[in-house]
Amino acid sequence: PISSGIKVMSFNVRLFNRYQWIKSKEVPKSIENFINKENPDLICLQEFSKEFSPKFNNYPYQFIGSSKKNGQNGLCILSKYPLMNQSRLDFEDSNNSAVYADLYYKKDTVRIYNVHLESLRINLKDTLFTKQYPQKFINRIRIVSQKQEVQIDRFEIVDQKNHHPTIICTDLNNNAFSRVYDRLKDDRSDAFVLSGNGLGATYKLAYFPFRIDFIFTDQKFKVINFNTYHDLKLSDHKPISALLDWK
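Let me begin by describing the structure that accompanies this report. Keep in mind that what you see is a predicted model, and the values were worked out from it rather than measured.

Here we look at the overall build of the chain
- Helix and strand content of the chain: five helices and 14 strands.
- Its C-alpha radius of gyration of 17 Å places the chain within 12% of the 18 Å reference for a compact globule of 247 residues.
- For the chain, the C-alpha atoms occupy an extent of roughly 60 × 40 × 35 Å along the three principal directions.
- Across the 247 residues in the chain, those meeting the buried criterion constitute 54%.

Printed below as a string of structure tokens:
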């Protein structure tokens, strides 16, 4: 790890293209090459597939938490630092979950969370222009938002017992104007707000760009820089990274 800070990346890899929605067999390898080139110290991957994952040999410390409904898929933390106290958080009646681990960084223990909240599962058939669309869509958003709130409740119960400075990488499946954003961010910093630029969109929904992937950091960290990798086309999400150091 370079001495000028700890570089943290978050990336929803969409099962490494398991269902071939990108017409290429090279997606897992390309993701590995991209990560090796960017060389973060710590990476949180959402929609991780054990079956299709590259080995990530540059990362000696790996924690994979499979979601209980599908033992092959889940979340992963890759680290250049030893990971301790690894654990996963099941979300009730959901394919989504969270994992966390602790690590030492410059004489202090840091808690890293990788959180993937309930998905809207919107497809392009749900365009804004069908007649039956609005009510069905509004109902679905309401149900999913309620589920996300319950998932944040579950997260908060675990985090209340954590006394270490925290970094949260999350695919929130919601935006910065939502209640779940406020609750998960809590008194932490949104690294993008401190150091990103532009819209910072990480996901396109029915052709509209949204920022739904976030890195939240304890106030004890300063955010040296923040990156959204807009040009990368290896998933339906864009990876994000933040360079952090103690204040």
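Quick notes on the side chain of N162
- Here N162 shows up in the loop between α3 (133-159) and β8 (166-171).
- Only 2.9 Å separates the side chain of N162 from the backbone nitrogen of H164, close enough to count as a polar contact.
- Aside from chain neighbours lying at most four places away, what touches N162 is R111 and Y113.

So, the nonpolar core
- Membership of the largest hydrophobic core comes to 27 residues, with the highest contact counts inside it found for L103 and I112.
- If near-sequence neighbours (up to four positions away) are discounted, L103 is found in contact with I6, L42, Y81, P82, L83, M84, D108, T109, V110 and I112.
- Grouped together as the second largest cluster of nonpolar side chains are 19 residues, I22, F48, L78 and Y229 included.

As for unusual backbone geometry
- If you check the backbone angles, N17 has positive phi at about 65° while not being a glycine.
- Mapped onto the elements, N17 comes out in helix α1 (residues 14-17).
- Not every positive phi belongs to a glycine, and D93 is a case in point at roughly 50°.
- Here D93 is to be found in the loop between β5 (84-90) and β6 (97-105).
- Of the residues examined, D93 reaches a relative accessible area of 51% and is grouped as exposed.

Section: helix α2 (residues 27-38)
- Taking 1.5 Å of rise per residue, 12 residues should cover 16 Å, and α2 covers 16 Å from first to last C-alpha, within 8% of that figure.
- Taken together, the buried positions of α2 are V27, P28, I31, E32, F34, I35 and E38. Considered in projection along α2, the buried side chains sweep an arc of 160° and stay on one side of the axis.
- Where α2 is buried, its residues meet β1 (6-12), α1 and β2 (42-49).

Regarding the sheet that holds strand β12 (residues 213-217)
- Reading across from one edge, β5-β6-β7-β8-β12-β9 is the order of the six strands in this open sheet, with mixed pairing throughout. The strands lining the two open edges of the sheet, one partner per strand, are β5 and β9 (189-190).
- In the sheet, β6 pairs with strand β7 (residues 108-116) via eight bridges, with the strands oriented antiparallel. Residue pairing for β7: L103 is matched across the bridge by V110.

Side note on the packing of aromatic side chains
- Applying the stated criterion to the full structure yields 13 aromatic pairs.
- Taken together, the aromatic side chains of Y81, Y105, F221 and W246 make up a single cluster linked through ring pairs.
- The residue whose ring lies beneath R14 is W21, and the NZ or CZ to ring-centre distance is 4.1 Å.

The rules behind these values
Residues numbered from 1 in each chain as written. Predicted model: local features only at pLDDT ≥ 70, side-chain atom pairs only at ≥ 80, totals over all residues. Heavy atoms only, no water. Helix = DSSP H or I, 4+ residues; strand = E, 2+ residues; numbered from the N terminus. Rg over C-alpha atoms; globule rule 2.2 N^0.38 Å. Buried < 20%, exposed > 50% of the residue type's maximum accessible area, 1.4 Å probe, protein only. Polar contact = N/O pair within 3.5 Å; in protein donor to acceptor, adjacent residues only side chain to side chain. Contact = heavy atoms within 4.5 Å. Core = buried A, V, L, I, M, F, W, Y, C linked by side-chain atoms within 4.5 Å. Expected span 1.5 Å × (residues − 1). Arc of directions from axis to C-beta. Pairing = 2+ DSSP bridges. Phe/Tyr/Trp six-rings, centres within 6.5 Å; stacked < 30°, edge-to-face > 60°. Lys NZ or Arg CZ within 6 Å of the ring centre and 35° of its normal.

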